[in-house]
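Each chain is listed here by its residues.
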Amino acid sequence: QVQLVQSGGGLVQTGGSLRLSCAASEGTLSNYVMGWFRQAPGKEREFVAAISWSGSRTYYANSVKGRFTISRDNARNTVWLQMNNLKPEDTAVYFCAAQDTGMIAAALETYDYWGEGTQVTVSS
């Protein structure tokens, strides 16, 4: 089992950058594939990015490819989502998640453990 604690987020103007962090308060993240998801008001939660347990493989939603970067440091038990060139449509609550299938996946139901979510607001 793992407990995920998120930090970062906030309000930024269009074109700005933010970095989200996800750390394990219990357990070790090195055992898990990690993902980031987001949920905008009135919309379903959607996949943003995922990273393999070693960090050697990543996968992104088309909407964020080239602007967002997912990374991890297993020694620090932390995963990050660096978000650059932010757009108003990136406004959402962002969630980190962990799953132990060993395979990168975009499907929400694959993930077993979730962070509490953090708000990202991009003003136009």
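Everything that follows concerns the structure shown earlier in this document.
Since the structure is predicted, the reported quantities are computational estimates derived from the model, not experimental observations. (Residues numbered from 1 in each chain as written. Predicted model: local features only at pLDDT ≥ 70, side-chain atom pairs only at ≥ 80, totals over all residues. Heavy atoms only, no water.)

> Please give an account of the sheet that holds strand S8 (residues 78-83) that cites residues and values.
Ordered in space as S1-S3-S8-S7, the four strands form an open sheet in which the pairing is antiparallel. Bordering the open sheet on either side are strand S1 (3-7) and strand S7 (68-73), each of which pairs with just one other strand. Strand after strand, the sheet turns through a mean of 20 degrees between neighbouring axes, direction not considered. Of the strand pairs in this sheet, S7 and S8 are connected by six bridges, and their pairing is antiparallel. (Pairing = 2+ DSSP bridges. Helix = DSSP H or I, 4+ residues; strand = E, 2+ residues; numbered from the N terminus. Axes fitted to C-alpha atoms, helices over the stretch in contact; angles between N-to-C directions.)

> Give a detailed account of the pattern of salt bridges, specifying residues and quantitative values.
Close approach of charged atoms lets side chains of opposite charge pair. Counting across every chain of the model gives three salt bridges. Here glutamate 46 ties to arginine 38 by a salt bridge, and the two come within 2.7 Å at their closest N and O atoms. With relative accessibility at 6%, the residue arginine 38 sits in the buried group. Aspartate 90 is the salt-bridge partner of arginine 38, the closest N and O atoms lying 2.9 Å from each other. Taken together, the residues arginine 38 in strand S4 (residues 33-39) and aspartate 90 in the loop between S8 and strand S9 (92-99) connect sequence positions 52 residues apart. On the accessibility criterion, aspartate 90 (0% relative accessible area) is buried. A cluster of three or more residues bridged by salt bridges with shared partners is formed by Arg38, Glu46, Arg67 and Asp90. (Salt bridge = Lys/Arg side-chain N within 4 Å of Asp/Glu carboxyl O. Buried < 20%, exposed > 50% of the residue type's maximum accessible area, 1.4 Å probe, protein only.)

Read these as geometric descriptors, not functional statements.
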